[in-house]
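# What the coordinates show
Below, each chain spelled out in residue letters.
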Amino acid sequence: MKYASYFVGNNEEFIIVITADVKDVLTDVNNLRNLILVIYLIIAGIFIGISMYLAKIFVTPFKEVTEAIKKTSDGNLNANVNAHSKVEETKQLISSAATLQKVLQDTINKTIAISNNLNDNAKTVYDLADNSATGASQITITMEDLAQGATVVADNTQTINSAVSDMGVAIE
């Protein structure tokens, strides 16, 4: 296929006819289009690479912090936050997560110590109560023995009174 064009000069003194093959006309356009496409693909590849690098910089520390917090919430108080970042805000998040775990560990350790102390105190109170109960039981036994002794003394006193009375009657 060919393109044709013509031009009529001043006062129709001349006519210019130009013809060209479609291939010749579109070669430069196609070359320019291909160059723009290659440049676009290169730029897109660069942006994708930069995006993936930035995503790794931002997302990886968040994943590590999230995993450590998840382990902590499952009861693993020894899960360390080993995330590192070059971004200041992410560093603060990592530091805060590590501090949270340390405070939680310290609080639990203090709670365990207080619980153990309370348990020891409860055992002491139990032992003292047991000793008091034993002492009270011994006092009760002693009081019963004293009561029996007093009864015997009273009986003996009555017997003596009776004997003295009989002696008094016999003497008269």
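Before going into details, it helps to say that this report is about the structure given with it. This structure is a prediction, so every number in the text was calculated from the model and none was measured.

### Focus: the overall build of the protein
What the protein contains, in helices and strands, is 2 helices and 2 strands. When the helices and strands of the protein are read in sequence order from the N terminus, they spell out β-β-α-α. Its C-alpha atoms give the protein a radius of gyration of 55 Å, clearly above 16 Å, the size a compact globule of 172 residues would have. Dimensions of the protein along its principal axes, counting C-alpha atoms only, are 195 × 25 × 25 Å. Counting only residues that meet the buried cut, the protein has 9% of its 172 residues in that class. For the protein, long-range pairs separated by at least 24 residues make up 31% of all intrachain contacts whose partners lie at least 6 apart in sequence. Accessible surface, the protein as shown: approximately 14400 Å² in total, 63% of it carbon and sulfur.

### A short note on the environment of Lys91
With respect to the secondary-structure elements, Lys91 resides in helix α2 (residues 88–171). Placed 42 residues apart in sequence, Lys91 and Ala133 show a C-alpha to C-alpha distance of 62 Å. Ignoring any residue separated from it by four or fewer positions in sequence, one finds Lys91 in contact with Ser85 and Lys86.

### Section: the nonpolar core
If you look at the biggest cluster of nonpolar residues, it comprises 6 residues: Val65, Ala68, Val81, Ala83, Ile94 and Ala97. Those residues in contact with Val81 that lie beyond four places of it in its chain are Val65, Ala68, Ile94, Ala97, Ala98 and Gln101.

### Looking at the pairing of strand β1 (residues 2–8)
Across 7 bridges, β1 lies against strand β2 (residues 15–21) in antiparallel orientation. For Ser5, the partnering residue across the bridge sits in β2 and is Ile18. Hairpin remark: β1 followed by β2, antiparallel, with 6 residues in the connecting loop; positive phi at Asn11, about 55°.

Thresholds applied
- Residues numbered from 1 in each chain as written.
- Predicted model: local features only at pLDDT ≥ 70, side-chain atom pairs only at ≥ 80, totals over all residues.
- Heavy atoms only, no water.
- Helix = DSSP H or I, 4+ residues; strand = E, 2+ residues; numbered from the N terminus.
- Rg over C-alpha atoms; globule rule 2.2 N^0.38 Å.
- Buried < 20%, exposed > 50% of the residue type's maximum accessible area, 1.4 Å probe, protein only.
- Contact = heavy atoms within 4.5 Å.
- Areas by Shrake-Rupley, 256 points an atom, 1.4 Å probe, with all protein chains shown as cover.
- Core = buried A, V, L, I, M, F, W, Y, C linked by side-chain atoms within 4.5 Å.
- Pairing = 2+ DSSP bridges.

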